[in-house]
Amino acid sequence: MSDYTLSEAVREAQRCLHCKMPACRKGCPIANDIPDWIGELAKGNFGNAMKIINTRSNLPAVCGRVCGHERQCEGSCVLGKKGEAIHIGKLERFVADFDWEAGLSHEAIPEKNRGHVAVIGSGPAGLTIAGDLSREGFAVDIYEMEQEPGGVLMFGIPEYRLPKEVVRREIKKIENLGVNIHTNVTVGTDLNVDQLFARGYDAIFMGTGTGRPKSLPIEGIDHPGVFQATDFLRQVNLEHAGLSEEEPAVRPGDRVGVVGCGNSAMDAARTAVRMGASEVTVLYHRTIDRMAALRSEYDDAVAEGVRFIWKASVTKVIGAEGDRLDHVELDVDGEKRVMPLDRLILAVGSAPATRIVSSTTGIEVDEKGYVVTREFPYGMSTRSGVFAGGDVTNRPATVVHAMRDAKLVAEGIARYIDAVKLMDSIK
Ligand SMILES: Cc1cc2nc3c(=O)[nH]c(=O)nc-3n(C[C@H](O)[C@H](O)[C@H](O)COP(=O)(O)OP(=O)(O)OC[C@H]3O[C@@H](n4cnc5c(N)ncnc54)[C@H](O)[C@@H]3O)c2cc1C
Ligand code: SF4
């Protein structure tokens with residue numbers, strides 16, 4: 001499953017200089033002990049390499065595939081200044097895949113005697129909290145509204161970049177620590193935060209992401225030929241996961257426009273190509289240097305035939321029969337243009353849903369709906385015992401930034417529960 005063979009991975013690891021002040025570690029948002037595990041890998045100690053990675057990351061097989069290494073660890077590696085940086089992402093992926101395939105590491109189920117935590121949402125933030133707190137002796141239950149856990153890893157990022165099998169096995173490792181996952185439970189609809197507390201949890205974590213996609217205030221936008229990138233990717237991912245047989249929204253021969261130029265836009269455009277679209281054009285209102293997508297994703301999209309029009313805003317959508325469009329009107333750098341299109345996919349950002357905060361009291365959000373949290377205990381909302389982290393507090397970011405935030409919140413939750421229990425014991 002990995003790009004490297006065993007000997008290639010060891011040879012690549014042996015190029016590492018084991019810098020005294022490793023810039024790669026500084027470049028990693030979760031401060032992975034990169035030179036240490038690369039050192040073990042260079043000696044052929046695969047199990048030890050995995051153990052070191054496990055101390056910082058719950059999702060190495062995922063990070064090895066979807067992190068922006070070029071902007072983080074690899075972008076900081078000293079070897080990259082004069083030659084080729086160590087391929088840290090590929091090595092991390094090799095270690096995680098090899099460990100799984102060879103069944104090397106087995107973490108013992110920690111004793112759960114420090115308290116009970118409910119985690120809402122099973123994306124990178126929820127999974128990280130669950131893994132970290134479970135290792136620290138807390139009993140953790142995850143409540144997930146989807147039929148399978150994983151959040152954006154399962155239903156956003158497409159199969160060709162992140163196989164669902166890889167997501168499932170990372171989740172299995174977290175379940176093996178004693179974490180219980182309840183799927184098909186929407187907190188705010190099926191039960192609310194007060195009812196969760198009534199079940200005896202000492203703290204609740206909201207890692208609910210930004211599931212409410214934004215739209216554009218333009219004429220014709222409600223036509224059925226216009227849809228959200230997240231809905232499109234979810235539908236295709238459900239099909240890959242064997243959970244749906246619905247006909248995909250993009251059909252062979254379609255001319256597709258994608259509005260936006262971040263992760264979702266790139267994934268939607270490249271997925272549309274894979275569904276057989278005859279033309280896929282990304283329309284972005286800024287210039288290439290302002291796009292949120294990684295340069296490597298853009299290069300891959302171009303190589304697959306996706307066209308880009310910069311400084312382009314859609315000003316009007318004109319529909320045809322049924323769920324087809326006729327064309328869209330564009331403003332390209334001040335010039336009016338007409339573009340024939342069958343489908344228009346929106347990838348213009350997302351915001352948190354309001355279900356949880358509106359079904360209880362005391363959890364304050366800012367004017368855009370992001371949960372307000374504090375520094376001490378880290379990640380606690382305005383309601384005692386309710387914490388939040390990941391995209392629902394940070395705005396849409398990246399997998400590893402959601403993980404970084406969640407690691408800090410896990411420490412905040414542990415401190416909070418320990419303090420409450422101590423106070424109770426001396427009352
Ligand atoms: C299409 C796409 C591609 C991306 N590609 C990359 C990439 O290549 N690299 C990268 O680093 N980042 C990427 N990102 C960004 C990254 O995936 C997110 O930043 C990250 O997933 C945020 O993690 P999270 O746990 O905060 O939220 P999410 O992953 O959104 O998880 C939130 C979870 O909470 C659940 N939930 C929400 N409300 C409730 C409720 N009321 N009750 C129960 N469950 C609930 C949701 O179903 C979901 O499972 C991408 C994002 C998208 C949309
Ligand atoms: S910066 Fe590069 S060479 Fe130095 S320890 Fe990190 S990976 Fe190795």
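This section reports on the structure supplied with the text. Since this is a predicted model, take the numbers as computed values, not measurements.

Criteria and cut-off values
- Counting restarts for each chain, with residues numbered from 1 along the sequence as it is written.
- Chains carry letters and ligands carry numbers; both start at the beginning, A for chains and 1 for ligands, and go up in the order they are written.
- Where totals are concerned, whole chains, interfaces and linings use all residues; where local detail is concerned, this predicted model gives features only for residues with pLDDT of at least 70, and gives and counts side-chain atom pairs only at 80 or more.
- In computing side-chain values, all of the structure's heavy atoms are included and hydrogens and water are not.
- Nearness here has a simple test: a residue counts as near a molecule or strand if at least one of its heavy atoms is within 4 Å of that partner.
- Under this definition, polar contacts are N or O atom pairs within 3.5 Å; protein pairs additionally need one hydrogen-donor-capable and one acceptor-capable atom, and for neighbouring residues in sequence, both atoms have to be side-chain atoms.
- Surface accessibility in these figures is a Shrake-Rupley result with a 1.4 Å probe; residues are shielded only by whichever protein chains are displayed.
- Put simply, DSSP marks the helices as runs of H or I at least four residues long and the strands as runs of E at least two long, and each gets a number from the N terminus on.
- Classification convention: Asp, Glu, Lys, Arg as charged; Ala, Val, Leu, Ile, Met, Phe, Trp, Tyr, Cys, Pro as nonpolar; all other residues, Gly among them, as polar.
- Each reported salt bridge corresponds to a side-chain nitrogen of Lys or Arg within 4 Å of a carboxyl oxygen of Asp or Glu.
- Each residue's exposure class comes from its accessible area (1.4 Å probe, protein chains only) as a fraction of the maximum for that residue type: buried when under 20%, exposed when over 50%, partly exposed otherwise.
- The contact definition used throughout considers only heavy atoms, calling two residues in contact when any of these lie within 4.5 Å.
- A strand pair is defined by DSSP finding two or more bridges across the two strands.
- As a rule, the C-alpha atoms of each element are fitted with a line to give its axis, helices using only the stretch in contact, and angles between N-to-C directions run from 0 to 180 degrees.
- Note that a disulfide, as used here, is simply two cysteine sulfur atoms within 2.5 Å.
- Working note: the arc is built from the helix axis to C-beta atom directions.

### Focus on the site of ligand 1
In the region of ligand 1, 34 residues are neighbours, and Val66, Glu144, Arg161, Val187 and Val399 sit closest. The separation between an oxygen atom of ligand 1 and a polar main-chain atom of Val152 is 3.1 Å. Contact between ligand 1 and Asn263: a nitrogen atom at 3.4 Å from a side-chain N or O atom of the residue. When ligand 1 is considered free in solution it has 1000 Å² of accessible area, and contact with the protein chains removes 92% of it. Elements that contribute at least two residues to the shell around ligand 1 include exactly helix H9 (124–135), helix H14 (263–274), helix H16 (355–358) and helix H18 (399–426).

### With respect to the site of ligand 2
Taken together, Cys16, Leu17, His18, Cys19, Cys24, Pro35, Cys77, Val78, Leu79, Ile86 and Ile88 form the complete shell of residues around ligand 2. Tallied by class, residues from the shell around ligand 2 come to 10 nonpolar, 1 polar and no charged.

### Re the pattern of salt bridges
For the structure on display, the rule yields 31 salt bridges. Ionic pairing is found between Glu170 and Lys173, a salt bridge with its closest N-O pair at 3.1 Å. Taken together, the residues Glu170 and Lys173, both in helix H11 (residues 164–175) and 3 residues apart, mark about one turn of the helix. The class of Glu170 is buried, set by a relative accessible area of 1%. Between Arg343 and Asp323 there is a salt bridge, and its shortest N-O distance comes to 3.6 Å. Placement of Arg343 in strand S13 (residues 343–346) and of Asp323 in the loop between strand S10 (312–319) and strand S11 (325–332) is noted, with a sequence separation of 20 residues between them. Classification of Arg343 by relative accessible area gives buried; the value is 1%. Among the charged side chains, a network of salt bridges with common partners joins Glu247, Arg251, Asp254, Arg255, Asp323, Arg324, Asp342 and Arg343.

### Here's the deal with the environment of Glu12
Relative to the elements of secondary structure, Glu12 occurs in helix H1 (residues 6–14). In this structure the C-alpha to C-alpha distance between Glu12 and Lys26, which are 14 residues apart in sequence, comes to 20 Å. Setting aside anything within four residues of it in sequence, one finds Glu12 in contact with Tyr4, Ala85, Ile86, His87 and Leu91. Here the side chain of Glu12 touches His87 through a polar contact of 2.8 Å, landing on its backbone nitrogen.

### Side note on the sheet that holds strand S1 (residues 115–120)
Taking strand neighbours across the sheet as the criterion, the 5 strands line up as S3-S2-S1-S4-S15 in an open arrangement whose pairing is parallel. Bordering the open sheet on either side are strand S3 (180–182) and strand S15 (386–388), each of which pairs with just one other strand. Averaged over neighbouring strand pairs, the angle between their axes works out to 20° when direction is ignored. Where H9 meets the sheet, its contacts fall on S1, strand S2 (138–143) and strand S4 (203–206), and the angle it forms with S2 comes to roughly 160°.

### Side note on the state of the cysteines
Scanning the entire structure with this criterion turns up 0 disulfides. Not engaged in a disulfide, the cysteine Cys73 finds its nearest cysteine sulfur in Cys28; these two sulfurs lie 6.2 Å apart.

### Regarding the sheet that holds S10
Strand order in the open sheet formed by 3 strands is S10-S11-S12, with antiparallel pairing between adjacent strands. At either margin of the open sheet sits one strand with a lone partner, and together these are S10 and strand S12 (335–340). The average angle at which neighbouring strand axes cross in this sheet is 25°, direction not considered. Pairing of S11 with S12, which is carried by 6 bridges, proceeds in the antiparallel orientation. Its bridge partner being in S12, Asp331 is matched across the sheet by Lys336.

### Considering helix H15 (residues 295–303)
Listed in full, the buried residues belonging to H15 are Glu297, Tyr298 and Ala301. For H15, the angular spread of the buried residues around the axis is 100°, confining them to a single face. Buried residues along H15 sit against H14 and strand S9 (307–309).

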